[in-house]
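# Architecture and fold: a report
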Amino acid sequence: MLNSTMQQSDNIIEKKPLIILTGPTAVGKTALSIKLAKAINGEMISADSMQVYKYMDIGTAKITASEMEGITHHLIDVLEPTEDFNVFTFQTMAKKALNEIYAKGKIPIIVGGTGFYIQSLLYDIAFEETEVSAYREALMADYEKYGAHVLHERLKDIDPISYEEIHENNVKRVIRALEFFHDTGYPISQHNKEQREKESPYNFEYFVLNDDREVLYDRINQRIDVMLKDGLVSEVQKLLDYGCTPDMVSMQGLGYKEIVPYLAGECNLEDAIYILKRDTRHFAKRQLTWFRREKVVTWVDRTTFKNDNDMLNFMLDKLKEKSII
């Protein structure tokens, strides 16, 4: 028994530390993450699929230089908005950032709400860039002809989990799920489940920040009002003028895909704002659904703490329990 315990302890020591701080959009991850990084000598790796892009600041609620308070942030403002960004690219860039942080003797903190990206890094799920197949080209042609909804509906029978988890406007992930099933006869959701059941190569703590639903939804609505006041519409117009097109990955992000139809004269601004607020609330709900399916998470519910400092102390205690700090 003693030898077994010592062996388990050695295995933990051998694993490099990793902290995840995630949660639904607008829950308040940024401020808490800065407090955490200062307390443990950490650096951030963004797991946000949109903050990676330059010139997309307002619609992504991107952290500002002053908000960083001197804490180094990786994977923010590193790609042109005309470039693709996917889970393979994220993994490659995030692993490079991990090595840089470990080399400094610091602890990496993954911050952001893209659960799929977090999962891919945490469990080192195997992804690879693939050649464009004839089937993928056919799916793209169907998308152009019939639209995102029709393509998304094809997932309902072959992969109902992916159907629920992937928004129909995330065309690249919908196509990837359809393509994976076509090539393997196997749902990509089941593949991902098996991958995340592997043991993580990290000694990690996975914090999920949450709040009362109505409070969260109100915060989402208020955030969008501030975005509009700060110039969201002008930001989207500048991106279109820069050469971005509605089908690009960057322009599929919340806050961008809803404003483009308004700028094209296809709807009025009031309708665009209504859709943006509604879709952002739905997105937050899907994020929470994803995190609840993860096998090892520590929920940090704002309703049970007086303030951010109390939450920080709770998190530090958990990190000490796992010998991460």
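Residues numbered from 1 in each chain as written. Predicted model: local features only at pLDDT ≥ 70, side-chain atom pairs only at ≥ 80, totals over all residues. Heavy atoms only, no water.

## Quick look at the environment of Arg136
Tracing the backbone shows Arg136 in helix α6 (residues 134–146). On a C-alpha basis, the gap between Arg136 and Ile161 in space is 21 Å, while along the polypeptide they are 25 residues apart. (Helix = DSSP H or I, 4+ residues; strand = E, 2+ residues; numbered from the N terminus.)

## Here's the deal with the pattern of salt bridges
Taken as a whole and judged by the stated rule, the model has 23 salt bridges. Glu165 is the salt-bridge partner of Arg293, the closest N and O atoms lying 2.6 Å from each other. On the criterion of sequence distance, the pair formed by Arg293 in helix α15 (residues 269–293) and Glu165 in helix α9 (residues 160–165) is long-range, its members being 128 residues apart. For Arg293, a relative accessible area of 38% translates into the label partly exposed. (Salt bridge = Lys/Arg side-chain N within 4 Å of Asp/Glu carboxyl O. Buried < 20%, exposed > 50% of the residue type's maximum accessible area, 1.4 Å probe, protein only.)

## Let's talk about the packing of aromatic side chains
According to the stated counting rule, one finds six aromatic pairs in the structure shown. Plain terms: the ring middles of Phe116 and Trp290 are 6.2 Å apart, the flat faces sit at 80° to each other, and that makes the pair edge-to-face. Residue Phe116 is located in helix α5 (residues 115–122), and its partner Trp290 is located in helix α15; the two are separated by 174 residues in the primary sequence. Taken as a pair, Phe116 and Trp290 share a single burial class, namely buried. Taking the centre distance of 6.3 Å and the plane angle of 80° together, the rings of Tyr123 and Phe204 count as edge-to-face. In this pair, Tyr123 is assigned in the loop between α5 and α6 and Phe204 in strand β5 (residues 202–210), connecting sequence segments 81 residues apart. For Tyr123, a relative accessible area of 2% translates into the label buried. (Phe/Tyr/Trp six-rings, centres within 6.5 Å; stacked < 30°, edge-to-face > 60°.)

## Regarding the pairing of strand β6 (residues 298–301)
Of the two faces of β6, only the one carrying Thr298 and Val300 is buried; Trp299 and Asp301 on the other face are not. Bridge count between β5 and β6: four bridges; the pairing is parallel. Within β6, the residue paired with Val208 across the bridge is Trp299. (Pairing = 2+ DSSP bridges.)

## Let's talk about the pairing of strand β2 (residues 42–46)
By the criterion of burial, β2 is predominantly enclosed, with five of the five residues buried. Burial along β2 is two-sided: Gly42, Met44 and Ser46 facing one way and Glu43 and Ile45 facing the other are all buried. Note: β2 against strand β4 (residues 107–111), five bridges, orientation parallel. The partner of Gly42 across the bridge, within β4, is Ile107. As defined by bridge partners, β2 adjoins strand β3 (residues 73–74) across two bridges and the pair is classed as parallel. Bridge pairing in β3 links Met44 to His73.

## Thoughts on unusual backbone geometry
Positive phi values are uncommon outside glycine, yet Ala61 reaches one of about 50°. Along the chain, the position of Ala61 falls in the loop between β2 and α3 (65–68). The phi dihedral of Glu69 is positive, around 50°, even though this residue is not glycine. Mapping Glu69 onto the fold places it in the loop between α3 and β3.

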